[in-house]
Protein chains: 4
Amino acid sequence: MSDNSFGTLFRVTTWGESHGPAIGCVVDGTPPGIRLAEPDIQQWLDKRRPGTSRFVTQRREPDQVKILSGVFEGKTTGTPISLLIENQDARSRDYAEIKDKFRPGHADYAYWKKYRHRDHRGGGRPSARETAMRVAAGAIARKILGARVRIRGAMIQMGAETIDRGAWRWAQTAKNPFWCPDAKAARRWEAYLDEVRNAGSSVGAVVEITASGVPAGLGAPVYGKLDADLAGAMMGINAVKGVEIGAGMGAAALSGEENADEMRMKGGKVHFLSNHAGGILGGISTGQDIVARFAVKPTSSILTPRRTVTTRGRNATIATKGRHDPCVGIRAVPVGEAMMARVLADHLLRHRGQCG
Amino acid sequence: MSDNSFGTLFRVTTWGESHGPAIGCVVDGTPPGIRLAEPDIQQWLDKRRPGTSRFVTQRREPDQVKILSGVFEGKTTGTPISLLIENQDARSRDYAEIKDKFRPGHADYAYWKKYRHRDHRGGGRPSARETAMRVAAGAIARKILGARVRIRGAMIQMGAETIDRGAWRWAQTAKNPFWCPDAKAARRWEAYLDEVRNAGSSVGAVVEITASGVPAGLGAPVYGKLDADLAGAMMGINAVKGVEIGAGMGAAALSGEENADEMRMKGGKVHFLSNHAGGILGGISTGQDIVARFAVKPTSSILTPRRTVTTRGRNATIATKGRHDPCVGIRAVPVGEAMMARVLADHLLRHRGQCG
Amino acid sequence: MSDNSFGTLFRVTTWGESHGPAIGCVVDGTPPGIRLAEPDIQQWLDKRRPGTSRFVTQRREPDQVKILSGVFEGKTTGTPISLLIENQDARSRDYAEIKDKFRPGHADYAYWKKYRHRDHRGGGRPSARETAMRVAAGAIARKILGARVRIRGAMIQMGAETIDRGAWRWAQTAKNPFWCPDAKAARRWEAYLDEVRNAGSSVGAVVEITASGVPAGLGAPVYGKLDADLAGAMMGINAVKGVEIGAGMGAAALSGEENADEMRMKGGKVHFLSNHAGGILGGISTGQDIVARFAVKPTSSILTPRRTVTTRGRNATIATKGRHDPCVGIRAVPVGEAMMARVLADHLLRHRGQCG
Amino acid sequence: MSDNSFGTLFRVTTWGESHGPAIGCVVDGTPPGIRLAEPDIQQWLDKRRPGTSRFVTQRREPDQVKILSGVFEGKTTGTPISLLIENQDARSRDYAEIKDKFRPGHADYAYWKKYRHRDHRGGGRPSARETAMRVAAGAIARKILGARVRIRGAMIQMGAETIDRGAWRWAQTAKNPFWCPDAKAARRWEAYLDEVRNAGSSVGAVVEITASGVPAGLGAPVYGKLDADLAGAMMGINAVKGVEIGAGMGAAALSGEENADEMRMKGGKVHFLSNHAGGILGGISTGQDIVARFAVKPTSSILTPRRTVTTRGRNATIATKGRHDPCVGIRAVPVGEAMMARVLADHLLRHRGQCG
């Protein structure tokens, strides 16, 4: 099955393994005439890059993106944009020891059951390295959406540690290594994650992505719902186990009165008094902020030995010694932003196709 | 945009409005030679049907499904199966009063922004009536999956009321109007929902769907992930605001040690010691039970007046007097089962296509 | 495989067998707000209907189309339009004799090899009856294209009998049972086809479809080429064996000088001095008339006994006595027009999606 | 619109312009475990490569393909295969003179109308250079089909010069620069094409592609017809204006008796006495040889001045002096073979998905 593309009119196909010569993607469906150069993409990749703090994998990857097609004289041509990043620091030796053992909680068992072969070098295709291409494509999606649409992400929970939503300052997200919008929480998390890291353990996280300035009317009433597509996009990010829109799982505990986002006219425009819907009703955007949240599980690669089995069906124990992230949720923030941008750009073009 | 189909190889296209002459769907991609007759589908529709208890809408719809094509001499032919249900009790007069007012929390505002027109009669296309076709198509999906795969749903939370997971008995789900697996909780919920209903209010719910007997290897590592497709499928059900796989949002608070589902050999087979993954790792099924959960928000149609605006941009208040469900989550249980079946059937065919 | 849909943004899914209770289709992606009622569709179905002259099958089908969804208060809503035609004159007894024998040149052998079962009643799904739905969907496509785009078809060859292109009058196509634009040829064909019909034989045809008023810019340079999509659409019509755009197969014999459609400015607009390209260059429309042609083979159902085999692998002879068309090419004219309309409407929406 | 992919389960996305740094493609959906290395692909690219005789463009491109992903330890992994060829001899200066003039019969006018910008350097995306990637992907398709399926192409007409089908010897196609199966014709064509080339003119061609060993049952009865997909694939090759299956356009002139491919049992197997159908009935393969033919128009780039207009709407004349093919049909032979292989591989996987 040809399962490496995402999107309908703004369609991205990614390729590459973590330990091959390069990774890349083809971005198809971009409107012509949009200004685009490598730095427009590089700035977002730099946010996600490994090795930027002691809290993310120490793999050294400059992740320099190259545009190989689809741009001429500084503008998109409307033809496919091919992006490529060379892999540099692919130390396959780190993985020799776990060659025949499955890592509990890791994709390698399921992958082996599906394809009947095994690329043990860092997981091969299911590696988080593919997310670099999600981010790169997201940069182009932002260009399609234009400056009016603003997409921002934040980590709002690390392990069991939450933030104080009242202390939310977007500016803070750029000032700590966690994209945490609450300055105090960020300081606590630093000590906490050091502990986790030193113990060779790992921890999960919750990430929230907001898009403001999205026009009303994107999406569709039944199967092309904007929230359904966002849920698929976010759940498809490595290690994500839950996705929420607006009130999310908490909506179950609300009464109909609480849940209804009341409306008033204000300066000739419709104004909502709350946003439990997360900006989407019946699968279609309302013009309010789109709010999506997702939970990232802790990395499966930990130092503590775990019980497992081998490819030959024997019991074994395993401890992973490669370079890994104590909290993969950190690097999921720019990835979540990118997926939000891609879904919105796709729906913008789809809406324009049908409704003009 | 052609957004009324779902699935890749097992592809279902639905059509119809709640107050038109009929609703229906076309089920494409079913393998040939499968025994299929109307009662195979009707049994699942009967589970979802309105009017079965005082806790669901009192609209009287026998919901008798007709097979119009794709079956010959009791077996599927491999060509599209057209299903049709006539609408009978479509009382449009109930909606006259709200003709020009948007219901807070309802799709009608977004729908109007998208299409610039309005079918006020029960919401038209975005009505929950479309879910009858989700269930009908799900019945065919179950046939493709065969008897080995068993899909069951349960309501595990109503409003703030949860169940005792230790008291879970699948057999109980058929013995109360809530598909509740905990007999005691079901009794409490009955009183609780009577209160909600009498107050003209509504309440949310959490539904859990389990599929056992699913072979390992379904799904794909990057964009055709089984969990991503399930998330899209579940979030696409009317009124759903959150989706979880396995540990779900709670995965954020786990440590890497807790989250790792350890493995042992047992009788020559791989055996997992826990199932935080919900049966899916790296987007691919592991052979464990697939576990998905989703939160349904409370119905937006309530008796309590809410502030809103009109299509002409004036402030107004609204109270909905039509026939509605105090807890739409109840009828979402068979719909969730059907979407699980459809995603799995689709992935079974997709896997077979690529991997033989 | 879900192979019963056609189109990307204007997407039509058809269903139904020639001898089942009904046939139908779901038309998805139609823009909202377009005036549409049953007579808009019926007028085109009446052109294709069986039993209109002695030269087409005598099956009596009023082919009355019903709109079941997607239209409210006389306008499209943007949601799927479900169309249905009841089958009335389905005389299955005509086919009893050929129950176990394959008709040479007919789909039934290949169909049986694929699906391992057999609906001998008039061929089941592959029957030409499905083309009624192609025509019905084409009527909606014309509405999307608007009055500026004019699509017309003509039969330009019957058996070995060709027309005099110098005598081409579009008005003539409505005045004879063959959609023949050359009045003299039509008279000759009448005698000729009577002979063929009385001999229980059949004959092929060439049909030409022209679309004028198509804006420049529809299509795409590599895989979404307008001519490639037209070729797929036309070759997909029952019994078609060849498709040409512009100069067609004859382009092989041209020199580069002859083939180049020279251009001049005329009244401020680009004017082409010839149209060997058939209105499409590099897969994209140029603004000239789009010209497509296709060859229809003779019906395989003939009275003359032919050698064949049975489903049990025995030699046999077969002669088909059911009601059939001596020249199926006649009824292919409105079908070809419809497919042209559908491909153009789809590309119009696709172009608008990407390029605004 | 995302129009740079082709195929459903075996899906190829190409990218790149003739004068950019590289061209490439992503091949998605390949089954795992197939032996594959660069020489398996290179051998087919070498057949198509420019500069191999005086009859094709003198552009010097070694066209060395690199596999960047999807292959591990000599076998496909089931993940996307990224292929890349660097452009080397991209002499942009050749095109300076025609920067603002449209070439009659060339895509550049339509392209400019669609995208409102212009990459005059060799045509950019619509350049025939993209066909290298069609051939490369076709090499992988052949691997999926296996040794049992044999795909071969031949040029059977150059300009008005045809071959003697009685003199057809497949071995001859490797012995002349035209893939001509008739040795005598090949000798005549050599003199003929020298004349054309020296005159700075160009000429069209007809190419025939045959696939033997294709199992019965590939395709679908209505919209996923094997012949419709082949027609789209062949018409999508640069400069193709007509496509035929089996008897092709000539089917129009046949009687029902002539057209019926009679059947007999022979050694326990079904044997057809003729193949007017070209191996496909009702859109589904019959087990006979699949036979497709297509006409290639003469190159639009010729030395003879032609009347045209400029991007600023002025009349002008143009003569193209770049390096070009006097008969692009020659290089279309390996491209046609590749497209046949890709359509068949896709349908093989699609059939397996639905019918097991």
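The text that follows walks through the structure, step by step, so that each part is easy to find.

Cut-offs and rules
- Residues numbered from 1 in each chain as written.
- Chains lettered and ligands numbered in written order.
- Predicted model: local features only at pLDDT ≥ 70, side-chain atom pairs only at ≥ 80, totals over all residues.
- Heavy atoms only, no water.
- Helix = DSSP H or I, 4+ residues; strand = E, 2+ residues; numbered from the N terminus.
- Buried < 20%, exposed > 50% of the residue type's maximum accessible area, 1.4 Å probe, protein only.
- Contact = heavy atoms within 4.5 Å.
- Least-squares fit on C-alpha atoms with pLDDT ≥ 70 in both.
- Buried area = accessible area lost by both parts, 1.4 Å probe.
- Nonpolar A, V, L, I, M, F, W, Y, C, P; charged D, E, K, R; others polar.
- Phe/Tyr/Trp six-rings, centres within 6.5 Å; stacked < 30°, edge-to-face > 60°.
- Pairing = 2+ DSSP bridges.
- Axes fitted to C-alpha atoms, helices over the stretch in contact; angles between N-to-C directions.
- Expected span 1.5 Å × (residues − 1).
- Salt bridge = Lys/Arg side-chain N within 4 Å of Asp/Glu carboxyl O.
- Polar contact = N/O pair within 3.5 Å; in protein donor to acceptor, adjacent residues only side chain to side chain.
- Left-handed = near helix turned anticlockwise from the far one by under 90°.
- Parallel < 35°, antiparallel > 145°, perpendicular 65-115°, else oblique.
- Lys, Arg positive; Asp, Glu negative; His and termini not counted.

Overview of the overall build of chain A
Phase 1: Counting secondary structure elements, chain A contains 7 helices and 18 strands.
Phase 2: Along the first, second and third principal axes, the C-alpha set of chain A runs to 65 × 50 × 35 Å.
Phase 3: Burial statistics for chain A: of 356 residues in total, 69% are counted as buried.
Phase 4: Restricting the contact set of chain A to residue pairs at least 6 apart, pairs at least 24 apart contribute 71%.

Let's talk about the relation of the copies chain A and chain B
Phase 1: Note on the identical chains: chain A maps onto chain B by a rotation of 180° and an axial translation of 0.0 Å, with an RMSD of 0.0 Å. Both copies of the chain, as the preceding transformation shows, are related through a two-fold rotation axis. The rotation axis passes nearest to the C-alpha of G232 of chain A in chain A, at a distance of 2.3 Å.
Phase 2: A high fraction, 100%, of the interface residues of chain A reappear at the interface in chain B, so the copies pair face to face through one surface.

Regarding the interface of chain D and chain A
It is common to report an interface's size as the accessible area lost on association of the parts.
Phase 1: Counting residues at the interface gives 38 residues for chain D and 38 residues for chain A.
Phase 2: Across the interface of chain D and chain A, roughly 3,000 Å² is buried in total on both sides, 62% from carbon and sulfur atoms.
Phase 3: Those elements giving two or more residues to the side of chain D that touches chain A turn out to be β2 (11–16), β3 (22–28), β7 (81–86) and α2 (108–115) of chain D.
Phase 4: Here the side of chain D that touches chain A gets 5 residues from one element, more than from any other, and that element is β2 of chain D.
Phase 5: Class assignment for the residues of the side of chain D that touches chain A results in 13 nonpolar, 17 polar and 8 charged.

Focus on the packing of aromatic side chains
In this description, a pair of aromatic rings is defined by centroid distance and the angle of the planes.
Phase 1: What the rule picks out here adds up to 28 aromatic pairs over all chains.
Phase 2: Look at Y109 of chain A and F272 of chain B: their rings are 5.6 Å apart centre to centre, the planes differ by 75°, and that puts the pair in the edge-to-face class. Of this pair, Y109 of chain A sits in helix α2 (residues 108–115) while F272 of chain B sits in strand β13 (residues 269–272), on two different chains. The two residues Y109 of chain A and F272 of chain B agree in class, both being buried.

Things to note about the sheet that holds strand β8 (residues 150–158) of chain A
Phase 1: The 10 strands are arranged β9(A)-β8(A)-β10(A)-β16(A)-β11(A)-β11(B)-β16(B)-β10(B)-β8(B)-β9(B) in an open sheet whose pairing can be described as antiparallel. At either end of the open sheet lies a strand with only one pairing partner, and these are β9 (161–162) of chain A together with β9 (161–162) of chain B.
Phase 2: Sheet topology note: the strand β8 (residues 150–158) of chain B/strand β10 (residues 205–212) of chain B ladder contains 8 bridges and is antiparallel. Bridged to R150 of chain B within β10 of chain B is S212 of chain B.
Phase 3: On the sheet, helix α7 (residues 329–355) of chain B packs against β8, β10 and β16 (290–296) of chain B and is oriented at approximately 145° with respect to β8 of chain B.

As for helix α7 (residues 329–355) of chain A
An α-helical turn contains 3.6 residues, so any two residues separated by three or four positions project in the same direction.
Residue and element names in this part refer to chain A.
Phase 1: Taking 1.5 Å of rise per residue, 27 residues should cover 39 Å, and α7 covers 38 Å from first to last C-alpha, within 8% of that figure.
Phase 2: By the criterion of burial, α7 is predominantly enclosed, with 24 of the 27 residues buried.
Phase 3: Positioned one or two residues after α7, G356 has a phi angle of 80°, which is positive.

What about the sheet that holds strand β11 (residues 240–245) of chain C?
Phase 1: The 10 strands lie next to each other as β9(C)-β8(C)-β10(C)-β16(C)-β11(C)-β11(D)-β16(D)-β10(D)-β8(D)-β9(D), forming an open sheet whose pairing is antiparallel. Where the open sheet ends on each side, the last strands, each with one partner, are β9 (161–162) of chain C together with β9 (161–162) of chain D.
Phase 2: Of the strands in this sheet, β11 of chain C together with β11 (240–245) and β16 (290–296) of chain D touch helix α5 (residues 226–235) of chain D, which is tilted by about 155° from β11 of chain D.

Observations concerning the interface of chain A and chain B
Phase 1: Each partner contributes residues to the interface: chain A has 106 residues there, and chain B has 106 residues.
Phase 2: Around 8,600 Å² of area is buried between chain A and chain B when both sides are counted, 61% of it from carbon and sulfur atoms.
Phase 3: In this structure, the connection of chain A to chain B is made through 6 salt bridges.
Phase 4: For the salt bridge of R306 of chain B with E262 of chain A, the shortest nitrogen-to-oxygen distance reads 3.9 Å.
Phase 5: For the interface between chain A and chain B, the tally reads 49 residue pairs in polar contact (both at pLDDT 80 or more).
Phase 6: For the side of chain A that touches chain B, a count of residues per class yields 52 nonpolar, 34 polar and 20 charged.
Phase 7: With 3 bridges joining them, strand β11 (residues 240–245) of chain A and strand β11 (residues 240–245) of chain B adopt antiparallel strand pairing. Within β11 of chain B, the residue paired with E244 of chain A across the bridge is G242 of chain B.

Side note on the pairing of strand β12 (residues 263–266) of chain C
Residue and element names in this part refer to chain C.
Phase 1: When β12 meets strand β13 (residues 269–272), the two strands line up antiparallel, connected through 4 bridges. Residue pairing for β13: M265 is matched across the bridge by V270.
Phase 2: As consecutive antiparallel partners, β12 and β13 are separated by 2 residues, and within that stretch G267 has a phi angle of approximately 60°, a positive value.

Considering the packing of helix α5 (residues 226–235) of chain B against α7 of chain B
All names here are of chain B.
Phase 1: The geometry of α5 relative to α7 is characterised by a closest axis approach of 10 Å and an angle of 145° between their N-to-C directions. The crossing of α5 and α7 is right-handed. Across the interface between the two elements, L226, D229, L230, A233 and M234 from α5 touch G336, M339, M340, V343, L344, H347 and R350 from α7.
Phase 2: Among the residues making up the contact of α5 with α7, the classes are represented as 8 nonpolar, 2 polar and 2 charged.

Section: unusual backbone geometry
Phase 1: Phi angles above zero are rare outside glycine, and W179 of chain A is one such case at about 55°.
Phase 2: Residue placement: W179 of chain A occurs in the loop between β9 and α4 (183–198).
Phase 3: Judged by its relative accessible area of 15%, W179 of chain A falls in the buried class.
Phase 4: Residue D63 of chain D is not a glycine yet carries a positive backbone phi of 50°.
Phase 5: Tracing the chain through its elements places D63 of chain D in the loop between α1 (38–48) and β4 (65–67).
Phase 6: Classification of D63 of chain D by relative accessible area gives buried; the value is 0%.

Points about the packing of helix α3 (residues 131–145) of chain A against α7 of chain A
Residues and elements named next belong to chain A.
Phase 1: Interhelical geometry of α3 versus α7 gives an angle of 45° and a closest axis separation of 7 Å. In terms of axis orientation, α3 runs oblique to α7. Where α3 crosses over α7, the handedness of that crossing is left-handed. Contact residues: α3 offers T131, M133, R134, V135, A137, G138, A141, R142, I144 and L145, while α7 offers P334, V335, E337, A338, M339, A341, R342, L344, A345, L348 and L349.
Phase 2: Residue classes in the contact of α3 with α7 are distributed as 15 nonpolar, 2 polar and 4 charged.

Side note on the side chain of K297 of chain D
Phase 1: Examined against the element boundaries, K297 of chain D turns out to sit in the loop between β16 and β17 (306–309).
Phase 2: The buried charged residue K297 of chain D lacks any salt bridge partner; its closest oppositely charged side chain belongs to D261 of chain C, at an N-O distance of 7.0 Å.
Phase 3: Within the local environment of K297 of chain D, its side chain forms a polar contact with the backbone oxygen of G105 of chain D, the two atoms lying 3.0 Å apart.
Phase 4: Beyond its immediate sequence surroundings of up to four residues, K297 of chain D is in contact with A251, N259 and L281 of chain C together with G105, G204, A239, K241 and V328 of chain D.

Comments concerning α2 of chain A
Residues and elements named next belong to chain A.
Phase 1: Burial of α2 is extensive: 7 of the 8 residues sit out of reach of the surface.
Phase 2: If you check which residues of α2 are buried, you get D108, Y109, A110, Y111, W112, K114 and Y115.
Phase 3: The positive-phi residue at the C-terminal boundary of α2 is R116, with phi of around 60°.

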